[in-house]
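Coordinate analysis (summary)
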Amino acid sequence: MNKKDYYEVLGVSKDATDAEIKSAFRKLAKKYHPDISKEENAAEKFKEAQEAYAVLSDKEKRSKYDQFGHAAFDQNGGYGGFSGFEDFDASDILRDIFGQGFGFGSSFFGGSGRSSSTNRKTKGPDVSVIFEMTFEEAAFGCETTVGLDIMDNCEECGGKGGHNPETCPTCHGTGVVTKEQRSLFGTFASQSVCTNCNGTGEIYKTKCTNCRGTGKKKVKKTIKVKVPAGIQTGDHLRVPEKGPAGDNGGPNGDVYIELKVKDHPLFERDGSDLYLTLPLTIAEAALGCKKEVPTLDGTIVLNIPSGSQSGEKHKVRGKGLKSPSRSGVGDLYVVLKVVVPTKLDRKQKKMLEELSETNLKTPYFTKYEKYLSKMK
């Protein structure tokens with residue numbers, strides 16, 4: 001049977017991030033979960049989405065799929081359609097979407113019909129922050145610190161919420177409670193998270209006073225960040241496991257830093273290349289000169305030939321920016337701008353009047369005047 005492309009199923013591109021893949025699956029789960037959806041073939045579409053997520057959310061499986069497609073998971077590869085995905089568990093996402101008691105008793109990959117574990121370790125949420133930096137810091141790279149206000153594990157109780165643990169008497173350490181209902185069609189059992197221990201299977205004789213039993217506390221945290229050279233506004237850096245604490249001893253979430261680079265008073269950027277406007281007087285442009293030109297790592301002397309015009313560009317190799325994605329350095333382009341003075345003293349005005357009496361016309365002047373005369 002021909003199967004749809006997993007990226008197409010989730011509606012994401014092949015270079016989608018883990019966060020984009022997770023977000024796409026969440027949307028499809030809300031839409032097609034058989035317990036709530038009234039759409040036609042909802043169960044089939046949900047299975048399809050969950051299979052796609054099972055592969056694309058796993059780095060190793062995704063790599064195999066990108067290389068071999070569905071053939072990587074055929075019978076010879078040990079997967080064979082849905083088989084091989086029995087251990088995949090998206091209950092943390094489903095509980096996040098529908099609530100803690102949702103999803104127990106649902107089975108989509110041939111499992112036992114109960115959640116894998118209510119006290120399983122889950123990673124903390126990711127956070128995003130904006131970091132503003134100078135043009136020079138972005139150009140050369142730097143090491144800096146970023147401050148965060150996040151929920152982290154309580155230091156006094158280690159994130160447990162209390163001291164002196166003991167088995168929960170309500171669920172007997174399972175983390176779930178089972179309720180039976182009798183009807184004309186037989187006895188039906190349903191499971192839900194134990195409210196006495198919140199699914200951990202343990203309660204504590206003494207509640208932690210520092211976090212009031214929650215296991216987490218809001219803290220101010222400073223993380224070190226290494227910014228590569230050549231970064232630009234809109235780029236992101238990922239700092240793994242420095243975000244909010246996970247649940248039940250799970251790893252901390254990741255911190256995504258969006259970079260914002262301040263404008264430079266002189267330089268403008270185009271990728272790895274830099275552009276600098278160099279002002280010239282009329283005399284400097286006409287007679288030629290040597291001009292001191294700034295770069296990001298010092299000054300150079302540029303030879304301006306006589307008769308230079310506004311808009312002319314002089315390329316200085318290797319004086320641009322490093323690229324964080326590839327080797328090499330960009331170039332610096334010096335753009336000439338002949339500045340006409342708006343105020344003249346008496347001496348300057350007299351000199352220009354004397355100059356205007358000489359023939360300063362270039363071939364373009366002649367071409368222009370000939371065309372103008374034809375129009376009269």
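Cut-offs applied
- Residues numbered from 1 in each chain as written.
- Predicted model: local features only at pLDDT ≥ 70, side-chain atom pairs only at ≥ 80, totals over all residues.
- Heavy atoms only, no water.
- Helix = DSSP H or I, 4+ residues; strand = E, 2+ residues; numbered from the N terminus.
- Buried < 20%, exposed > 50% of the residue type's maximum accessible area, 1.4 Å probe, protein only.
- Areas by Shrake-Rupley, 256 points an atom, 1.4 Å probe, with all protein chains shown as cover.
- Pairing = 2+ DSSP bridges.
- Axes fitted to C-alpha atoms, helices over the stretch in contact; angles between N-to-C directions.
- Phe/Tyr/Trp six-rings, centres within 6.5 Å; stacked < 30°, edge-to-face > 60°.
- Core = buried A, V, L, I, M, F, W, Y, C linked by side-chain atoms within 4.5 Å.
- Contact = heavy atoms within 4.5 Å.
- Patch = residues over 30% accessible without salt bridge, like charges linked within 9 Å, V, L, I, M, F, W, Y side chains within 5 Å.
- Salt bridge = Lys/Arg side-chain N within 4 Å of Asp/Glu carboxyl O.
- 1 Å grid on protein atoms, 1.4 Å probe; cavity = no way out; pocket = protein on both sides within 12 Å on 5 of 7 lines; lining within 4 Å.
- Points joined across faces, edges and corners; volume = space filled by probe spheres on them.
- Nonpolar A, V, L, I, M, F, W, Y, C, P; charged D, E, K, R; others polar.
- Expected span 1.5 Å × (residues − 1).

**Focus on the overall build of the protein chain**
In terms of helices and strands, the protein chain carries nine helices and 15 strands. Burial statistics for the protein chain: of 376 residues in total, 34% are counted as buried. Carbon and sulfur atoms form 49% of the exposed surface of the protein chain, whose accessible area is close to 24400 Å².

**Observations regarding unusual backbone geometry**
Generally, phi is negative for residues other than glycine and the peptide bonds are trans, each holding for most cases. Despite not being glycine, Asn41 shows a phi value in the positive range, around 60°. Of note, Arg212 is a non-glycine position whose phi angle comes to about 60°, a positive value. Tracing the backbone through its elements, the reader meets Arg212 in the loop between strand E6 (202-207) and strand E7 (216-227).

**Thoughts on the sheet that holds strand E10 (residues 267-270)**
What the four strands build is an open sheet, ordered E10-E11-E15-E14; its pairing is mixed. Single-partner strands in this sheet number two, and they are E10 and strand E14 (313-316). Strand-to-strand twist in this sheet, taken as the mean axis angle between neighbours without regard to direction, amounts to 30°. One ladder, built from four bridges, connects E10 with strand E11 (residues 273-280); its direction is antiparallel.

**Thoughts on the pairing of E14**
Burial of E14 is one-sided: the residues His314 and Val316 facing one way are buried, the residues Lys313 and Lys315 facing the other way are not. Where E14 and strand E15 (residues 332-338) come together, four bridges link them in antiparallel fashion. Within the sheet, the bridge partner assigned to His314 lies in E15 and is Val334.

**With respect to the packing of aromatic side chains**
Summed over the entire model, instances satisfying the criterion amount to five aromatic pairs. Where Tyr6 meets Tyr65, the ring centres are 4.6 Å apart and the plane angle is 40°; that geometry is what we call tilted. Of this pair, Tyr6 sits in helix H1 (residues 6-10) while Tyr65 sits in helix H4 (residues 59-68), and the two are 59 residues apart along the sequence. By the burial criterion, Tyr6 is buried, and Tyr65 matches it. Look at Tyr275 and Tyr333: their rings are 5.1 Å apart centre to centre, the planes differ by 15°, and that puts the pair in the stacked class. Taken together, the positions of Tyr275 in strand E11 and Tyr333 in strand E15 put the pair 58 residues apart, joining distant regions of the chain.

**Some words on the nonpolar core**
Counting 36 residues, the largest nonpolar core has Met133, Val146, Val225, Val227, Ile257, Leu259 and Leu278 as its most contacted members. The contact partners of Leu278, leaving out residues within four places of it in the chain, are Lys291, Val293, Leu302, Ile304, Val334, Val335, Leu336 and Lys337. Leu10, Val12, Ala52 and Tyr53 belong to the second-largest nonpolar core, a separate cluster that totals 21 residues.

**What about a nonpolar patch on the surface?**
Together, Tyr364, Tyr368, Tyr371, Leu372 and Met375 make up a nonpolar patch on the protein surface, roughly 640 Å² of accessible area in all. Along the chain, Met375 turns up in the segment after helix H9 (363-374). Here Met375 falls in the exposed class, since its relative accessible area comes to 59%.

**Description of the layout of surface pockets**
The computed volume of the second largest pocket comes to approximately 570 Å³. Around the second largest pocket sit 16 residues that line it, and Ile282, Ala286, Gln309, Leu355 and Leu360 are the ones nearest its centre. Looking at the lining of the second largest pocket, the elements that each hand over two or more residues are helix H7 (282-287) and helix H8 (346-356). Class assignment of the residues belonging to the lining of the second largest pocket gives a composition of eleven nonpolar, five polar and no charged.

**With respect to the environment of Ala49**
Of note, Ala49 is situated in helix H3 (residues 42-56). Exposure remark for Ala49: the relative accessible area of 3% places this residue in the buried category. Residues Ala49 and Tyr7, spaced 42 residues apart in sequence, show a C-alpha to C-alpha distance of 9.7 Å. Aside from chain neighbours lying at most four places away, what touches Ala49 is Val9, Leu10, Phe25 and Leu28.

**Quick word on H3**
Taking 1.5 Å of rise per residue, the 15 residues of H3 would be expected to cover 21 Å, and the 21 Å separating its terminal C-alpha atoms lies within 8% of that figure. Among all positions of H3, only Ala42, Phe46, Ala49, Gln50, Glu51, Ala52, Tyr53, Ala54, Val55 and Leu56 are buried.

**Overview of the sheet that holds strand E8 (residues 236-239)**
With mixed pairing, three strands are arranged side by side in an open sheet as E1-E9-E8. Unpaired on one side and paired on the other, strand E1 (127-133) and E8 mark the two borders of the sheet. Each neighbouring strand pair of the sheet contributes to a mean axis angle of 30°, computed without reference to strand direction. For E8 and strand E9 (residues 255-261), the ladder comprises four bridges, and the chain directions are antiparallel. Note on E9: the bridge partner recorded for His236 is Glu258.

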